[in-house]
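# Structural description and commentary
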2 protein chains.
Amino acid sequence: MPRARAKLFPTPDDAETAFYDAFERADLAAMMAVWAEADDVVCIHPQGPRLVGFEAVRESWVQIFAGGAQLRVRTTEHRSFDGQSLAVHNVVELVAPPGENAPVTSIFATNVFVLTEGGWRMAMHHANVSAEAQAQAREEAPPPHTLH
Amino acid sequence: MPRARAKLFPTPDDAETAFYDAFERADLAAMMAVWAEADDVVCIHPQGPRLVGFEAVRESWVQIFAGGAQLRVRTTEHRSFDGQSLAVHNVVELVAPPGENAPVTSIFATNVFVLTEGGWRMAMHHANVSAEAQAQAREEAPPPHTLH
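Residues numbered from 1 in each chain as written. Chains lettered and ligands numbered in written order. Predicted model: local features only at pLDDT ≥ 70, side-chain atom pairs only at ≥ 80, totals over all residues. Heavy atoms only, no water.

What follows deals with the overall build of chain A. Of the regular secondary structure elements, chain A holds 4 helices and 6 strands. Starting at the N terminus and ending at the C terminus, chain A contains elements arranged as α-α-β-β-α-β-β-β-β-α. For chain A, buried positions account for 47% of its 148 residues. A sequence separation of at least 24 residues applies to 49% of the contacts in chain A between residues at least 6 apart. (Helix = DSSP H or I, 4+ residues; strand = E, 2+ residues; numbered from the N terminus. Buried < 20%, exposed > 50% of the residue type's maximum accessible area, 1.4 Å probe, protein only. Contact = heavy atoms within 4.5 Å.)

Looking now at the sheet that holds strand β1 (residues 42–44) of chain A. Remark on secondary structure: sheet strands pair via backbone hydrogen bonds, oriented parallel or antiparallel. Residues and elements named next belong to chain A. What the 6 strands build is an open sheet, ordered β2-β1-β6-β5-β4-β3; its pairing is mixed. This sheet does not close on itself; its edge strands, each paired only once, are β2 (50–52) and β3 (72–82). If you compare each strand with its neighbour and ignore which way they point, the axes differ by 25 degrees on average. As judged from the 3 bridges shared by β1 and strand β6 (residues 119–129), these two strands associate in the parallel manner. (Pairing = 2+ DSSP bridges. Axes fitted to C-alpha atoms, helices over the stretch in contact; angles between N-to-C directions.)

Put simply, side chains in a regular strand alternate between the two faces of the sheet. All names here are of chain B. Of all 11 residues making up strand β6 (residues 119–129), 11 are buried, and the element is well covered by its neighbours. In terms of strand pairing, strand β5 (residues 105–116) meets β6 through 10 bridges, oriented antiparallel. Counted as the bridge partner of A109 is A127 from β6. With antiparallel pairing between neighbouring strands as the criterion, β5 and β6 make up a hairpin whose turn holds 2 residues.

On to helix α1 (residues 12–25) of chain B. Residues and elements named next belong to chain B. Taking 1.5 Å as the rise per residue, α1 with 14 residues should run 20 Å; its terminal C-alpha atoms sit 20 Å apart, in good agreement. Every buried residue belonging to α1 is among P12, A15, E16, A18, F19, Y20, A22 and F23, and all of these are buried. The secondary structure elements touched by the buried residues of α1 are α2 (28–34), α3 (54–66), β3 (72–82), β4 (86–96), β5 and β6. (Expected span 1.5 Å × (residues − 1).)

So, on to the confidence of the model for chain A. All names here are of chain A. Residues at a pLDDT of 70 or more form 90% of chain A, whose mean pLDDT is 89. Within the model, the stretch residues 144–148 combines pLDDT values under 50 with 7 contacts to residues more than four positions away or in other chains. For this predicted complex, the interface score ipTM comes out at 0.88, while the overall pTM is 0.89. (pLDDT = per-residue confidence, 0-100.)

Let us now look at the environment of B:P10. All names here are of chain B. With respect to the helices, strands and loops of the structure, P10 is situated in the segment before α1. Judged by relative accessible area, which is 62%, P10 ranks as exposed. Here the alpha-carbon distance between P10 and L115, two residues 105 residues apart in the chain, equals 8.9 Å.

We now examine the interface of chain A and chain B. Each partner contributes residues to the interface: chain A has 41 residues there, and chain B has 42 residues. Here chain A meets chain B over a buried area of about 3,200 Å², counting both sides, of which 62% is carbon and sulfur. When the area that chain A buries against chain B is broken down by residue, the three leading residues are A:R50, A:F81 and A:L86, summing to 22%. Taken together, chain A and chain B are joined by 2 salt bridges. The closest approach of N and O atoms between B:R50 and A:E77, which form a salt bridge, is 3.5 Å. If you look at where chain A meets chain B, you find 8 residue pairs in polar contact (both at pLDDT 80 or more). Of all the secondary-structure elements, those providing two or more residues to the side of chain A that touches chain B are β1, β2, β3, β4 (86–96), β5 (105–116), β6 and α4 (131–140) of chain A. (Buried area = accessible area lost by both parts, 1.4 Å probe. Salt bridge = Lys/Arg side-chain N within 4 Å of Asp/Glu carboxyl O. Polar contact = N/O pair within 3.5 Å; in protein donor to acceptor, adjacent residues only side chain to side chain.)

Residue and element names in this part refer to chain B. The strand order β2-β1-β6-β5-β4-β3 describes an open sheet built from 6 strands, whose pairing is mixed. Lying at the two open borders of the sheet, with one neighbouring strand each, are β2 (50–52) and β3. Neighbouring strand axes in the sheet, compared pairwise and without regard to direction, differ in orientation by 25 degrees on average. Most of the contacts of α1 go to β4, to which it runs at about 30 degrees, and overall it touches β3, β4, β5 and β6.

Turning next to the pattern of salt bridges. Inspection of the entire model under this criterion finds 6 salt bridges over all chains. The partner of B:D21 in a salt bridge is B:R25, and the shortest N-O contact between them spans 2.9 Å. Remark: B:R25 and B:D21 occur in helix α1; sequence separation between them is 4 residues, near one turn of the helix. If you follow the salt bridges from partner to partner, you end up with A:D21, A:R25 and A:D27 in one network.

Superposing chain A onto chain B takes a rotation of 180 degrees plus a shift of 0.0 Å along the axis, which leaves an RMSD of 0.0 Å. Accordingly, the operation relating the two chain copies is best matched by a two-fold axis. Both copies present the same face, since 100% of the interface residues in chain A are matched by interface residues at the equivalent positions in chain B. (Least-squares fit on C-alpha atoms with pLDDT ≥ 70 in both.)

Dropping the structure here:
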């Protein structure tokens with residue numbers, strides 16, 4: 001039986017689709033099959049630190065998926081720069097909890113893919129909550145000073 | 001006399017150096033000479049919207065430089081993915097107002113460069129203030145609710 005790791009992504013789009021699919025399903029094996037197994041991969045989650053290297057990135061997804069929230073993600077406003085062995089996609093992620101009328105958070109994401117012997121893999125994911133969504137969250141939450 | 005626009009950047013590093021140099025000097029012509037003159041360039045300033053296209057990006061720098069602040073920027077923790085016609089750099093920007101003991105803000109930035117007929121140019125700049133720096137700013141500022 002083929003291992004998940006053996007899966008090939010013939011294009012950057014295929015790798016990106018697999019990334020968001022793994023994210024929605026909170027599937028760690030599928031998520032890490034998308035990433036290049038390299039020491040120089042970079043991942044910046046919204047509000048998170050800058051993680052460098054496959055293991056640090058893997059650990060972050062372990063923690064995110066341990067939270068149990070299965071989020072819906074739709075990407076829009078795609079912009080791409082495609083090279084022969086390197087591709088950059090910038091998208092707006094519309095992220096929401098399950099449910100018809102759940103609030104949607106918009107996140108700006110830059111996804112970088114590299115062509116490896118195992119097909120296209122993710123080398124970087126840089127995401128931050130849009131300023132508009134941040135302001136909205138502050139309106140809805142108590143001011144941070146009350147948390148101290 | 002050669003126009004500033006005619007300047008060539010032989011490598012992505014040269015274009016990146018020129019980008020931060022123009023930023024520090026608040027030099028609009030030098031800044032826009034770094035950018036690819038294309039409708040699909042993308043710029044996300046910290047706390048800003050997602051700007052697409054040369055004119056929108058240019059207008060944002062007009063506004064930033066009109067503020068008059070000449071900031072010092074040092075980049076560190078460089079990670080690069082370099083292709084034949086596309087390059088991605090991820091850096092931590094340490095940004096500070098002039099002065100010896102000025103507070104430093106750390107910003108995560110992804111810079112994308114494309115090889116054009118006019119040498120390497122910037123095609124994307126995606127920057128956000130690190131969560132650590134954001135938390136620090138909130139500590140130092142009054143909570144947002146008092147602004148309304």
